[in-house]
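Each chain, written out:
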Amino acid sequence: MNAGTTRSNIKPGLKVGIVLKKDQRTGKITQGIVKRILTKSPNHPHGIKVQLEDGQVGRVKEIYS
């Protein structure tokens, strides 16, 4: 299971790779810093939805340490 599908793995300030709604077909990853977590449930099969500091919203596919 990918770490981006579990809400407890994601915190504001973390650097992540997300897939934006417009990039879902291609799977293009956009990198950024988490501003806030939008998904309320503890898990989501497609990734936890977050808002980046630049305002973009997408589902987490990768977490960078």
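Note that the coordinates shown come from a computational prediction; the quantities given were computed from them, not determined experimentally. (Residues numbered from 1 in each chain as written. Predicted model: local features only at pLDDT ≥ 70, side-chain atom pairs only at ≥ 80, totals over all residues. Heavy atoms only, no water.)

**Some details on the overall build of the chain**
For the chain, the helix and strand inventory stands at zero helices and four strands. Starting at the N terminus and walking to the C terminus, you meet the elements of the chain as β-β-β-β. A compact globule built from 65 residues should have a C-alpha radius of gyration of about 11 Å, and the chain, at 10 Å, falls within 12% of that. In terms of its C-alpha atoms, the chain occupies a principal-axis envelope of roughly 25 × 25 × 20 Å. Here the chain, with 65 residues, has 37% of them falling under the buried criterion. (Helix = DSSP H or I, 4+ residues; strand = E, 2+ residues; numbered from the N terminus. Rg over C-alpha atoms; globule rule 2.2 N^0.38 Å. Buried < 20%, exposed > 50% of the residue type's maximum accessible area, 1.4 Å probe, protein only.)

**Points about the nonpolar core**
Core analysis: the largest hydrophobic core is formed by 10 residues, namely Ile10, Val16, Ile18, Leu20, Val34, Ile37, Ile48, Val50, Leu52 and Val60. Put simply, the parts of the chain that give this core at least two residues each are strand S1 (15-20), strand S2 (30-37) and strand S3 (49-52). The element best represented in this core is S1, accounting for three residues. (Core = buried A, V, L, I, M, F, W, Y, C linked by side-chain atoms within 4.5 Å.)

**Concerning the side chain of arginine 59**
Position of arginine 59 relative to the elements: it lies in strand S4 (residues 57-64). For the buried arginine 59, no salt bridge exists, and the shortest N-O distance to an oppositely charged side chain is 13 Å, to aspartate 23. In terms of polar contacts, arginine 59 uses its side chain to reach the backbone carbonyl oxygen of glycine 47, at 2.9 Å. Look past the residues within four positions of arginine 59 in its chain and what remains in contact with it is Gly17, Ile18, Val19, Thr39, His44, His46, Gly47, Ile48 and Lys49. (Lys, Arg positive; Asp, Glu negative; His and termini not counted. Salt bridge = Lys/Arg side-chain N within 4 Å of Asp/Glu carboxyl O. Polar contact = N/O pair within 3.5 Å; in protein donor to acceptor, adjacent residues only side chain to side chain. Contact = heavy atoms within 4.5 Å.)

**Points about the sheet that holds S4**
If you walk around this closed barrel you meet the four strands as S1-S2-S3-S4, and the pairing is antiparallel. Averaged over all adjacent pairs, the angle separating strand axes in this sheet is 70°, with direction ignored. The pairing of S2 with S3 spans three bridges and is classified as antiparallel. From the neighbouring strand, isoleucine 37 faces S3, where its bridge partner is valine 50. (Pairing = 2+ DSSP bridges. Axes fitted to C-alpha atoms, helices over the stretch in contact; angles between N-to-C directions.)

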